[in-house]
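# Summary of the model geometry
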Amino acid sequence: MAFFLETLLGGLMAGMLYSLVALGFVLIYKASGVFNFAQGAMVLFAALAMARFAEWIPLHLGIANPIAANVLAFIGAGIVMFVVAWVIERLVLRHLVNQEGTTLLMATLGITYFMEGLGQSIFGSSIYKIDIGMPKDPVMILESSFEGGILINKEDFYAAIIAAALVALLSVFFQKTATGRALRAVADDHQAAQSIGIPLNRIWVIVWCVAGVVALVAGMIWGSKLGVQFSLTTVALRALPVVILGGLTSVPGAIVGGLIIGVGEKLSEVYLGPYVGGGIEIWFAYVLALGFLLIRPQGLFGEKIIDRV
Amino acid sequence: MFYRENGQFKTTYRADQQIFPILQDRMAITALLLVGFALVPMLASDYLFRAILIPFLIFSLAAVGVNILVGFCGQISLGSGAFMAVGAYAAYNFFVRIEGMPLLLALLLGGVSSMLFGMVFGLPSLRVKGLYLAVATLAAQFFADWMFLRVQWFTNNSPSGSVSVSNLQVFGLSLESPLAKYIFCLSLLVVIALLAKNLVRGAVGREWMAIRDMDVAAAVIGIRPMYAKLSAFAVSSFIVGVAGALWGFIYLGAWEPAAFSVDQSFRLLFMVIIGGMGSIMGSFFGAAFIVVLPIFLSQFLPALAGLFGVEISTAVVSHAELMVFGGLIVWFLIVEPHGLAKLWSIGKQKLRLWPFPH
């Protein structure tokens, strides 16, 4: 029982991180109808920027305090992501207005490759580390109720809390601010939003910025867990089934989907993996999402798809 | 002046409906085939065969397959690498496990296995489309990656996880020399490309295109979406599977699952985008482009940097390659969504009217 709960909790916390990446997908899709395949590249790019800034700042500016350096690096990487968002809107999206979803998807594939190349040529392609001072030692909880207690990785726990805080912050931003309302209006209907004076281009820049910040936070957490390296882009591929499961247009869907996938992956790996040779984490989420698509094509919380001729 | 149809009158429907209705096109294709089969073998060096021509032929074949699915039927696929892998490993198993299995039959059976695999993973296309389908095909990719890495049976229990074939023969002729490999790939490519061309201009191809352009409208006018989509998945993954088997057997000789990773899928999709979606000819352009570009960059960039007295490492070249690929994809999607094939046909159109612009 304790082992099961431990796996479950581990899955939930890993799932929270998947939700974070998935959130990036959902934000952009909701506001611009673009399925942003480049989210993974953005995570890598942001993490690379932050890791390198954190190295450079103490070196060149003489700020020795690690917390201050990290905060400055975070802000610097945030500015970089803002520039990236602006450039993408300016050079790519503006020219592809009103194109089909698949064309836009392929354009983001192009952006993915470009950013992977650019990021590595600017910031280098070795493995870097982000050290934001999260404790890494595991702790025991509930020792009284279970034999042996439940082992929890503190790092995962803090990461999950950061992710949850970001999600809450975004929900407030979307629901309560004027910009958030404008974003939702654009998501509902581009043309109607434009006709009441919401500047579409600016909204897109804002959305891509927000997605950039989400990518930065995800990159920071994953980067401090795994080290900043090329394989971070695959984290985004792991988060794709989350979006499918939760529905492309739903923020709660991204969270619930992430939790389901995280738990499903861990449980399947532990209880099913030994029978089929292990390593099934890689495709289990996809097959789960695929099976789900057959039953409910729009995902858990997605909007019903209506076709018109 | 040279590319005019004046005086070419068609008096039968047969003549009007042939693949290349214009005399000059027929001549050009004949000339191209002659060059391919006769002139190139005389002139090309072994390096050219190995590094450029054979990969180009195999990628062209795969790109034709992907183009049928993505370009003609509009079902975007990010799992083409998986279909290649299934073709390669199935052909390997048929070839190794069955005594006296002819190579050609093994390759085709590999294609058939890939076809079945493709149809299974094409089933979601009946329910979902566009973006969701792209993710569904990624599932095929990751599943295949895992299957050939972890399930020992598929690699004939080879301890290292990599498989190899040797002593390839077709009709008693050895396939060891680069020239023989080249001729074999070229023959197969010509036959399959011709079949594909005929397929896409026939009734089936029209159904695919109707589904691509607007599936609901196509269904309303009586096209069965299920039949059209699954047939596109079947034909496409058959061709891609054969290409995968060729890639393993002829080009690599020995391979492991990483040879058919998700990068391969993306590369195939890029060939289709750059070459021209919905054009068999475009597949060849795209394949040529993607095969030659990295070689060109690895030669050209250090030379260019040398002019300015800068040393360039291979890492920089590979990053530059990624950036050039990415930039080109976006550029083509914005400026010329129909790819190089469209540029080619614009050129022909201009030539037709030359010297008068209208």
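Residues numbered from 1 in each chain as written. Chains lettered and ligands numbered in written order. Predicted model: local features only at pLDDT ≥ 70, side-chain atom pairs only at ≥ 80, totals over all residues. Heavy atoms only, no water.

## Some remarks on the overall build of chain A
Operational definition: Per the convention used, a helix needs a DSSP run of H or I reaching at least four residues, while a strand needs a run of E reaching at least two, with both numbered from the N terminus. Restricting the calculation to C-alpha atoms gives the radius of gyration, and the globule rule supplies 2.2 Å times the number of residues raised to the power 0.38. Exposure categories follow from relative accessible area, calculated using a 1.4 Å probe and restricted to protein chains: below 20% of the type maximum is buried, above 50% is exposed, and the middle band is partly exposed. The contact criterion used is simple: two residues touch if any of their non-hydrogen atoms lie within 4.5 Å. With residues, only the protein chains shown are counted as cover, and all accessible areas are computed by Shrake-Rupley using a 1.4 Å probe. Only four residue types enter the charge count, namely Lys and Arg as positive and Asp and Glu as negative; His and the chain termini do not. The atom standing in for a charge is NZ when the residue is Lys, CZ when it is Arg, CG when it is Asp and CD when it is Glu.
The helix and strand inventory of chain A stands at 12 helices and two strands. Against the 2.2 N^0.38 benchmark of 19 Å for 309 residues, chain A shows a C-alpha radius of gyration of 20 Å, consistent with a compact globule. Oriented by its inertia axes, the alpha-carbon framework of chain A measures out at about 65 × 60 × 40 Å. Burial status across chain A gives 54% buried among its 309 residues. Excluding contacts between residues fewer than 6 apart, the proportion of contacts in chain A whose partners are at least 24 apart in sequence is 73%. Roughly 13,400 Å² of accessible area belongs to chain A as shown, and the carbon and sulfur atoms make up 66% of that amount. For chain A, the distance from the average site of its 17 positive side-chain charges to the average site of its 18 negative ones is 10 Å.

## Description of the interface of chain A and chain B
Many authors give the size of an interface as the accessible area that is lost as the parts come together. Stated precisely, the cut-off is as follows: Two parts placed together each lose some accessible area under a 1.4 Å probe, and the buried area is that loss summed for both. Within this document, salt bridges are pairs made up of a side-chain nitrogen of Lys or Arg and a carboxyl oxygen of Asp or Glu, the two lying within 4 Å of each other. Definition of a polar contact: a pair of N or O atoms within 3.5 Å, with one able to donate and the other able to accept a hydrogen when the atoms are protein atoms, and with sequence-neighbouring residues admitted only if both atoms are side-chain atoms. Note on residue classes: Ala, Val, Leu, Ile, Met, Phe, Trp, Tyr, Cys and Pro are nonpolar, Asp, Glu, Lys and Arg are charged, and everything else, Gly too, is polar.
With 47 residues of chain A at the contact, the number on the chain B side is 39 residues. Surface buried jointly by chain A and chain B totals about 4,000 Å² across both partners, of which 81% is contributed by carbon and sulfur atoms. Here chain A is connected to chain B by zero salt bridges. Across the chain A-chain B interface, the total number found is zero residue pairs in polar contact (both at pLDDT 80 or more). Sorting the residues of the side of chain A that touches chain B by element identifies helix H4 (101–123), helix H9 (232–246) and helix H12 (281–295) of chain A as the ones contributing at least two each. No other element matches the 16 residues that H4(A) contributes to the side of chain A that touches chain B. Among the residues making up the side of chain A that touches chain B, the classes are represented as 29 nonpolar, 14 polar and four charged.

## A short note on the nonpolar core
Our working rule: What we call a nonpolar core is a set of buried Ala, Val, Leu, Ile, Met, Phe, Trp, Tyr and Cys residues that are connected through their side-chain atoms within 4.5 Å.
Phe35(A), Phe37(A) and Phe249(B) are the most contacted members of the largest nonpolar core, which has 217 residues in total. With residues up to four places along the chain from it excluded, the contact list for Phe37(A) reads Phe25(A), Leu105(A), Thr108(A), Leu109(A), Thr112(A), Leu237(A), Leu240(A), Leu78(B), Leu138(B) and Phe266(B).

## Some details on the UniProt feature "transmembrane region" (unreviewed entry) in chain A
Residues and elements named next belong to chain A. This is how it is decided: UniProt positions are given in the numbering used here, feature names are shortened, and annotations may be inferred rather than shown by experiment.
Residues annotated by UniProt as "transmembrane region" (unreviewed entry) correspond here to residues 12–29, 41–61, 67–88, 157–174, 203–223, 235–263 and 275–295. For residues 12–29, the helix share is 100%, the strand share is 0%, and the end-to-end C-alpha distance is 25 Å. Annotated as 100% helix and 0% strand, the span residues 41–61 places its first and last C-alpha atoms 28 Å apart.

## Side note on the side chain of Ser268(A)
Residues and elements named next belong to chain A. You can see Ser-268 is positioned in helix H10 (residues 251–271). Ser-268 gets classed as buried once you look at its relative accessible area, which sits at 5%. A polar atom in the side chain of Ser-268 sits 2.9 Å from the backbone oxygen of Glu-265. For Ser-268, the residues in contact, after removing those within four places along its chain, are Gly-273, Ile-280 and Phe-284.

## Considerations on the confidence of the model for chain A
Heads up, the rule is: One number per residue, pLDDT, summarises how confident the predictor is, and it ranges from 0 to 100.
Summing up the model confidence of chain A, the mean pLDDT is 81 and the portion of residues at 70 or higher is 93%. Mean pLDDT values for the elements of chain A range from 69 in strand S1 (residues 138–141) of chain A up to 87 in helix H3 (residues 66–91) of chain A.

## Things to note about the environment of Pro297(A)
Topologically, Pro297(A) is positioned in the segment after H12. The class for Pro297(A) is buried, based on a relative accessible area of 13%. Expressed as a C-alpha distance, the spacing of Pro297(A) and Ile244(A), which sit 53 residues apart in the sequence, is 8.6 Å. What Pro297(A) contacts, discounting residues up to four positions off in sequence, is Arg127(B), Val128(B) and Tyr132(B).

## Quick notes on the packing of H9(A) against H12(A)
Residues and elements named next belong to chain A. To be explicit about the condition: Note on definitions: angles span 0 to 180 degrees between N-to-C directions of axes, and those axes are lines fitted to C-alpha atoms, for helices only across the stretch in contact. Angle categories: roughly parallel below 35 degrees, roughly antiparallel above 145, roughly perpendicular from 65 to 115, and oblique for all the rest. For any pair of crossing helices, the crossing counts as left-handed if the nearer helix is rotated counterclockwise from the farther one by less than a right angle, and right-handed if it is rotated clockwise.
Taken N-terminus to C-terminus, the directions of H9 and H12 make an angle of 20°; their axes are 9 Å apart at the nearest point. On the basis of the axis angle, H9 is roughly parallel to H12. For the element pair H9 and H12, the recorded crossing hand is left-handed. Of the residues in H12, those in contact with Leu-237, Arg-238, Leu-240, Pro-241, Ile-244 and Leu-245 of H9 are Glu-281, Ala-285, Tyr-286, Ala-289, Phe-292 and Leu-293.

## Digging into the pattern of salt bridges
All names here are of chain B. Counted according to the given criterion, the structure contains four salt bridges over all chains. We note a salt bridge from Asp-213 to Arg-212, for which the minimum N-O separation is 3.1 Å. With relative accessibility at 28%, the residue Arg-212 sits in the partly exposed group.

## Comments concerning a nonpolar patch on the surface
Selection rule: A patch is a set of surface residues, each over 30% in relative accessible area and not in a salt bridge, joined within 9 Å for like charges and within 5 Å for the nonpolar side chains Val, Leu, Ile, Met, Phe, Trp and Tyr.
On the surface, a nonpolar cluster with roughly 1,000 Å² of combined accessible area is contributed by Leu61(A), Ile67(A), Val71(A), Leu72(A), Ile75(A), Ile79(A), Phe82(A), Val83(A), Trp86(A), Val87(A) and Leu91(A). The greatest single-element share of the nonpolar patch, amounting to 10 residues, is contributed by H3(A).

## Thoughts on the packing of H9(A) against helix H6 (residues 131–150) of chain B
The interhelical angle for the contact between H9(A) and H6(B), taken along N-to-C directions, is 135°, at an axis separation of 10 Å. By the angle class used here, H9(A) and H6(B) are oblique. Judged by the twist between their axes, the crossing of H9(A) over H6(B) is left-handed. The segment H9(A) lies against H6(B), with Leu237(A), Leu240(A) and Ile244(A) engaging Tyr132(B), Val135(B), Leu138(B) and Phe142(B). Split into classes, the residues belonging to the contact of H9(A) with H6(B) amount to seven nonpolar, no polar and no charged.

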